[in-house]
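Structural overview for review
Residue-level listing of the chains:
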Amino acid sequence: RVMSARGMQVDVSDVPVAVSSLRVEFNGGSGYTNESFARGLMSGIFAAKDFSGLTEAIRQGEKDLTGLGLYRTVDINLRRSSKRLCPEVILKLDEKRRPFMKAGISLSSETAEPTLEVAGTMRNLFGNAESLNAQVNFGNKETGSVKLTFQKPKIFDSPKRFEAPYGTFTSTMSYSGGVKCASFLESHLGMLFKVTSESTRHQALYSVTWRDTKPLPNPEDSKKRRKKKKKKLLSNSVLAACKPSLKSAVQYTFTNNTTDSTWVPTRGVYSRFFAELAGLGGDVSHVKMEATSRGYVPLTPHLSVGLGGFAGLLVSTEGFKLFGGETYLNDRFFLKGVRDLRMRGFKEFGPMDEADALGGDAYFTLGAHVSYSPPIPILRNNGLRLHAFANCGNMCLLNEESGFGGLSKLWGNDVRTSAGFGMVAPTPCGRFELNCIQSIDGKPLHMQLLWAIDTDFI
């Protein structure tokens, strides 16, 4: 709507319009961004046939440009041209500095723990929103890692005329000096190439990685042996499984999220499916799949219930045969982060050899919880909630003899259950939980006070 000369509002949304031209300007006179790239993201304005369509095209172009993270401000204005109802569009960009440094705490994708991160980025490398990022991470379970990442958004041209490019390409080289996982320490050197859809719902990648694993003493066992001045004796299973390997694999991930909050949701559904095929060269051959889904329903404005679960399956395809060999220790499933936190209190979870966890080829965890936002302004305004929960799960190994029939082990007497209560809160790194947890296994009450930060949770 616009104001007429008589001071009345007039609806002009259906008035026909045709953009005559697009002019790109930069604060300071010149910029690093290629004009052709900026024009491509604003191309929808030329398909607009009325003011309503033009307004929507301008809004979408502004959203795409702002989402790149390259500009302090994105200003779009209309200017009269010599032709009636054929305005000129003026796009003015205020660019951020190309080099960018940061240091802080981030959540490790390897260990689901907070790590110290130091990173440097060169933005808009070639003028088409490319970026080159170098980062170093240090943590308790991650002894040190280095990553060099090149990213290029808007890589695919739309098949339709006057539509903006879409999709993101990422290439990463990485080295990790060691990641602690249950009973072993893994170091790796690798490279991956990834393509992500514009909505980020679809992701496909190819990776090739050299990995080496070393036995890691069990902390509790090590303390006892240090007191008795004895050496740690690792299980034969872990000693045999720790060996170097070369892995070449393709992966696909689908994600759908309709929840109202990333870290502390109270309504909506989150689902993710992951599939990996390894064996395109190298030593590792397997099919690996993992799925998760969780849903939330509000009962009152401040009380909600949630139900969710995880499930995973790993099958060796060595020699082009299902269950053709034993899976690698560092490809198996191990619980971590909040999933591990909720299942704490057990002397064992899944296959064990002496005190060493062997991981699993198949697993599941299920969880239900009720959360409440207390009527305290400072807590409610920061998203902190109290919750009570119950969880169950199990893990098993598969072999050629049992085949898929081995999945029946998941439903046996070894299913573990736990329950507890505590608090949850959103943080810049992920979901924070501080809980009192009791394993329900027929043993005397022995609650634990534990915490974790994670991006994956039930």
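The written sequence of each chain sets the order in which its residues are numbered from 1. In view of the model being predicted, local features appear only for residues whose pLDDT reaches at least 70, and side-chain atom pairs are presented and counted only at 80 or more, with totals across whole chains, interfaces and linings using the full set of residues. Each side-chain value is derived from all of the structure's non-hydrogen atoms; neither hydrogens nor water enter the calculation.

1. So, empty space enclosed by the protein
Put simply, the rule reads: Here the term cavity refers to a set of points on a 1 Å grid, laid over the protein atoms alone, in which a 1.4 Å probe fits but cannot get out; the term pocket refers to an open set having protein on both sides within 12 Å along at least five of seven lines, with lining residues being those that place an atom within 4 Å of a point. Grid points are joined across faces, edges and corners, and a volume is the space filled by probe spheres set on the points. Three categories are distinguished: nonpolar for Ala, Val, Leu, Ile, Met, Phe, Trp, Tyr, Cys and Pro, charged for Asp, Glu, Lys and Arg, and polar for the others, with Gly belonging to the last.
Tallying each qualifying case throughout the model produces two cavities of 30 Å³ or more. Within this model, the largest cavity holds a volume of roughly 60 Å³. What lines the largest cavity is simply Asp283, Val284, Ser285, His286, Ser316, Glu318, Glu326, Thr327 and Tyr328. Classifying every residue of the lining of the largest cavity by side-chain character gives two nonpolar, four polar and three charged. Of the volumes computed, that of the second largest cavity is approximately 50 Å³. Forming the boundary of the second largest cavity are Tyr32, Thr33, Leu70, Tyr71, Glu95, Lys96, Arg97, Arg98, Arg123 and Asn124. The class makeup of the residues in the lining of the second largest cavity is three nonpolar, two polar and five charged.

2. Observations concerning the nonpolar core
One broad trend across soluble globular proteins is that nonpolar side chains are buried collectively. Stated formally: Here the nonpolar core consists of buried residues drawn from Ala, Val, Leu, Ile, Met, Phe, Trp, Tyr and Cys, with membership extended through side-chain atoms lying within 4.5 Å. The buried label applies to any residue whose accessible area, calculated with a 1.4 Å probe on protein chains only, is under 20% of its type's maximum; exposed applies above 50%, and partly exposed to all values in between. A run of H or I in DSSP becomes a helix once it reaches four residues, and a run of E becomes a strand once it reaches two; helices and strands are each numbered from the N terminus.
The biggest cluster of nonpolar side chains holds 24 residues, and the ones touching the most others in it are Ile45, Leu65, Leu68, Leu91 and Leu93. Of all the secondary structure elements, the ones that give two or more residues to this core are β3 (21-26), α1 (35-41), α2 (51-67), β4 (71-79) and β5 (88-95). At four residues, α2 tops the list of elements feeding residues into this core. The next biggest cluster of nonpolar side chains, apart from the first, holds nine residues, and it includes Leu313, Val315, Phe323 and Ala362.

3. Re the sheet that holds β4
Heads up, the condition is: For two strands to count as paired, DSSP must find a minimum of two bridges between them. Throughout, an axis means a line fitted to C-alpha atoms (over the contacting stretch in the case of helices), and angles, computed between N-to-C directions, take values from 0 to 180 degrees.
A sheet is described by the order of its strands in space; here three strands give the open sequence β3-β5-β4, paired in mixed fashion. Of all strands in the sheet, those bounded by a partner on one side alone are β3 and β4. Each adjacent strand pair in this sheet contributes to an overall mean axis angle of 20°, direction not counted.

4. Some points on the environment of Leu410
What counts, and what does not: Residue contacts are counted whenever heavy atoms from the two residues lie within 4.5 Å of one another.
Following the sequence through the fold, Leu410 ends up in the loop between β20 (385-396) and β21 (416-426). A C-alpha to C-alpha distance of 6.4 Å links Leu410 and Cys396, two positions 14 residues apart in sequence. Setting aside its immediate chain neighbours within four residues, Leu410 contacts Ala362, Tyr363, Phe364, Asn394, Met395, Cys396 and Val415.

5. Quick word on α2
Put simply, the test is: Given a helix with a known number of residues, its expected span is that number minus one, times 1.5 Å.
The end-to-end C-alpha distance of α2 is 24 Å, a good match for the 24 Å that 17 residues give at a rise of 1.5 Å each. At its buried positions, α2 is contacted by α1, β4, β5 and β9 (142-156). Gly69 sits one or two residues past α2 and shows a positive phi near 75°.

6. So, unusual backbone geometry
Not every positive phi belongs to a glycine, and Leu85 is a case in point at roughly 60°. Counting through the fold element by element, Leu85 comes out in the loop between β4 and β5. Even without glycine at this site, Phe323 takes up a positive phi of about 55°. Secondary-structure assignment places Phe323 in the loop between β16 (303-316) and α5 (337-342).

7. Here's the deal with the confidence of the model for the chain
Detail in the predicted coordinates should be disregarded across regions flagged by low pLDDT. For clarity, the cut-off: What pLDDT conveys is the predictor's confidence in a given residue, as a value from 0 to 100.
Within the chain, residue pLDDT values average 86, and 89% of them lie at 70 or more. Note on residues 221-231: pLDDT under 50 across the span, and six contacts to partners over four residues away in sequence or across chains.

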